[in-house]
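Architecture and fold: a report
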Amino acid sequence: EKGGYASFMLKEIADQPKAVADTLLGRVDGTGLLHLDEVRIAPEVLREVDKVVVVACGTAYHAGMIAKYAIEHWTRLPCETELASEFRYRDPILDQRTLVVAISQSGETMDTLMAVRHAREQGAKVLAICNTNGSTIPRESDAVLYTHAGPEVAVASTKAFLTQLVACYLVALYLGQVRGTKWGDEIRTVVRQLSEMSGAVDRVLGTMEPVRELARSLSSHNTVLFVGRHVGYPVALEGALKLKELAYMHAEGFAAGELKHGPIALIDEGLPVVVIVPSPRGRSVLHDKIVSNIQEIRARGARTVVIAEEGDEEVVPYADHLIRIPATPTLLQPLVATVPLQVFACELATARGNEVDQPRNLAKSVTVE
Ligand code: M6R
């Protein structure tokens, strides 16, 4: 039930701190390392893997794009992420040493299921990341890592996405642990950082009133653009998808570096552009780049909505609206950066009189190809 919320979507957004914590539950052993019994693919097999391919659709695909950054960073295995609906039609190169990770909340998405079947026919091992016990995709995969988001009712995926991210980080770290590419202490550090993310998501949820206000003030606009870099790029795509499906607005996400290759021509006076700013610590190159992107966007008259870490003062002069998120390690930032975008889309859709739990033309699980 809605538990006093006006919609399932609002309830599911609010459920996220618990969903994130639950997805870690029982998966860390007493020494702070990962213990993923469910991943019933033998360590010897995982050690032989020479490539990872992630397949998924929609929001789950955005989680998969972020998984690529984590997997390549923590395991040094090449990883590609592909839309499940495109995957088998290009005759992908797969063999026994390929690990395919299929991400699906429902476990019933036909495109993803067909990709799983195709991968297994080619001899690849398939690990599903799924939120629905006993659904078709996990049943047809070699192994499954369940997300513990609880039932997600609203068509727009929110808490499932955050738990998919957690599961992807776990898979990436686990591969690093089994293959010895990531040493114990580093794994322990990231696992500890992951366990702090539930609290960070909770803090974000406590500061959303200005985001709601901003969303209402933009309800008569026709277009909103989202830009990010690195893991902020899939977050931008996710923000745009939420706005399309809920508010029926033209919304697009771009990699900030691509703006100058065309999309910057879209920007004119007053156009809202949401920018997801990477952490200023650690990856300072990325941060510098995005600061200059924000300047370019603003110089062309856009109204900038800047999502930046607490303590990041450099962006302040270029932000027409500033949304603060807690400081996190670079790779984990999507867990907090996505939340304001969910709230933004939900509020904007409501302000436009749309039904947020059941957007037009959409079904919760897409069981046709
Ligand atoms: O159940 P799945 O995770 O396989 O569903 C995939 C997409 O259909 C789903 O994420 C869709 O994009 C959502 N409505 C987005 O909010």
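Residues numbered from 1 in each chain as written. Predicted model: local features only at pLDDT ≥ 70, side-chain atom pairs only at ≥ 80, totals over all residues. Heavy atoms only, no water.

The following threshold applies: UniProt positions are given in the numbering used here, feature names are shortened, and annotations may be inferred rather than shown by experiment.
Per an unreviewed UniProt entry, the chain goes by the name Glutamine--fructose-6-phosphate aminotransferase [isomerizing] and belongs to Streptomyces argenteolus. A UniProt comment under Subcellular location (unreviewed entry) is attached to the chain, and it reads "Cytoplasm". The chain has a UniProt comment under Function (unreviewed entry) that states "Catalyzes the first step in hexosamine metabolism, converting fructose-6P into glucosamine-6P using glutamine as a nitrogen source."

1. Structural notes on helix H2 (residues 16-24)
Heads up, the rule is: Here the term buried applies to any residue with accessible area under 20% of the maximum for its type, exposed to any over 50%, and partly exposed to those in between, with areas from a 1.4 Å probe on protein chains only. Under the scheme used here, helices are H or I runs from DSSP no shorter than 4 residues and strands are E runs no shorter than 2 residues, and both carry numbers assigned from the N terminus. Whether two residues touch is decided by their heavy atoms; if any such pair falls within 4.5 Å, the residues are in contact.
Burial analysis of H2 places 7 of its 9 residues in the buried class, the great majority of the element. Looking at H2, one finds that the buried residues are Gln-16, Pro-17, Ala-19, Val-20, Asp-22, Thr-23 and Leu-24. Here the buried face of H2 lies against helix H1 (8-14), helix H8 (159-179), helix H9 (184-195), helix H10 (197-205) and helix H14 (334-351). Backbone geometry just after H2 places Gly-26 at a positive phi near 75°.

2. Let's talk about empty space enclosed by the protein
If you roll a probe as big as a water molecule over the atoms, it shows you where there is empty space left. Filter applied, for reference: In the cavity and pocket records, a cavity denotes points on a 1 Å grid over the protein atoms alone where a 1.4 Å probe fits but cannot get out, a pocket denotes an open set with protein on both sides within 12 Å along at least 5 of 7 lines, and lining residues are residues with an atom within 4 Å of a point. Grid points are joined across faces, edges and corners, and a volume is the space filled by probe spheres set on the points. Residues are sorted three ways: Asp, Glu, Lys and Arg are charged, Ala, Val, Leu, Ile, Met, Phe, Trp, Tyr, Cys and Pro are nonpolar, and all the rest, Gly among them, are polar.
Under the defined criterion, the tally for this structure stands at 1 cavity of 30 Å³ or more. Taken as a whole, the largest cavity spans an internal volume of roughly 50 Å³. Along the walls of the largest cavity sit Leu-36, Val-39, Ile-41, Leu-46, Leu-99, Leu-127, Val-171, Tyr-174 and Leu-175, which together make up its complete lining. Take the lining of the largest cavity: its biggest share by element is 3 residues, from H8. In terms of residue class, the lining of the largest cavity is built from 9 nonpolar, no polar and no charged.

3. Brief notes about the site of the ligand
Condition: Being near a molecule or strand, for a residue, means having at least one of its heavy atoms within 4 Å of it. Any N or O atom pair separated by 3.5 Å or less is treated as a polar contact, with the protein-specific requirement of one donor-capable and one acceptor-capable atom, and with residues adjacent in sequence counted only for side-chain atom pairs. Using a 1.4 Å probe, accessible areas were evaluated by the Shrake-Rupley method; residue-level cover was limited to the displayed protein chains.
Ser-104, Gln-105, Ser-106, Thr-109 and Glu-245 are the nearest of the 14 residues found near the ligand. In the model, an oxygen atom of the ligand is placed 2.3 Å from a nitrogen or oxygen of the Glu-245 side chain. Starting from 410 Å² of accessible surface for the ligand in isolation, the protein chains cover 91%. Contributing elements (two or more residues each) for the shell around the ligand: helix H4 (58-75) and helix H12 (232-247). For the shell around the ligand, the class distribution of residues is 5 nonpolar, 7 polar and 2 charged.

4. Quick look at the sheet that holds strand S4 (residues 125-130)
Under the convention used in this document: One bridge is not enough; two strands pair if DSSP finds at least two bridges between them. Every axis in this analysis is a line fitted to C-alpha atoms, fitted for helices over the stretch in contact. Angles between the N-to-C directions lie between 0 and 180 degrees.
Across the sheet, which stays open at both edges, the 5 strands sit in the order S2-S1-S3-S4-S5 with parallel pairing between neighbours. The open sheet is flanked by strand S2 (79-83) and strand S5 (143-146), the only strands paired with a single partner. Going from strand to strand, the sheet's axes swing by 20° on average, the running direction of each strand aside. In terms of strand pairing, strand S1 (residues 51-56) meets strand S3 (residues 98-104) through 5 bridges, oriented parallel.

5. Examining the side chain of Lys-242
Assignment of secondary structure puts Lys-242 in helix H12. For Lys-242, the side chain forms a polar contact with the side chain of Thr-59, separated by 3.1 Å. Of note is the side chain of Lys-242, whose polar atom sits 2.6 Å from the side chain of Glu-238. Among all residues touching Lys-242, those that are not within four sequence positions of it are Met-9, Thr-59, Ala-156, Ser-157, Ala-247 and Ala-345.

6. Notes on the packing of aromatic side chains
Under the convention used in this document: Centres within 6.5 Å are what make two rings of Phe, Tyr or Trp a pair, Trp counting through its six-membered ring; a difference in plane orientation under 30 degrees is then read as stacked, over 60 as edge-to-face, and the rest as tilted. Whether a charge lies above a ring is judged from NZ of Lys or CZ of Arg, which has to be within 6 Å of the ring centre and within 35 degrees of the ring normal.
Enumeration according to the criterion identifies 1 aromatic pair in this entry. With a centroid separation of 6.1 Å and 65° between ring planes, the pair formed by Trp-74 and Tyr-169 is classed as edge-to-face. Note that Trp-74 is positioned in helix H4 and Tyr-169 in helix H8, a separation of 95 residues in sequence. The class of Tyr-169 is buried, set by a relative accessible area of 1%. Across from the ring centre of Tyr-248, 3.9 Å away, lies the NZ or CZ of Arg-360, which sits over that ring.

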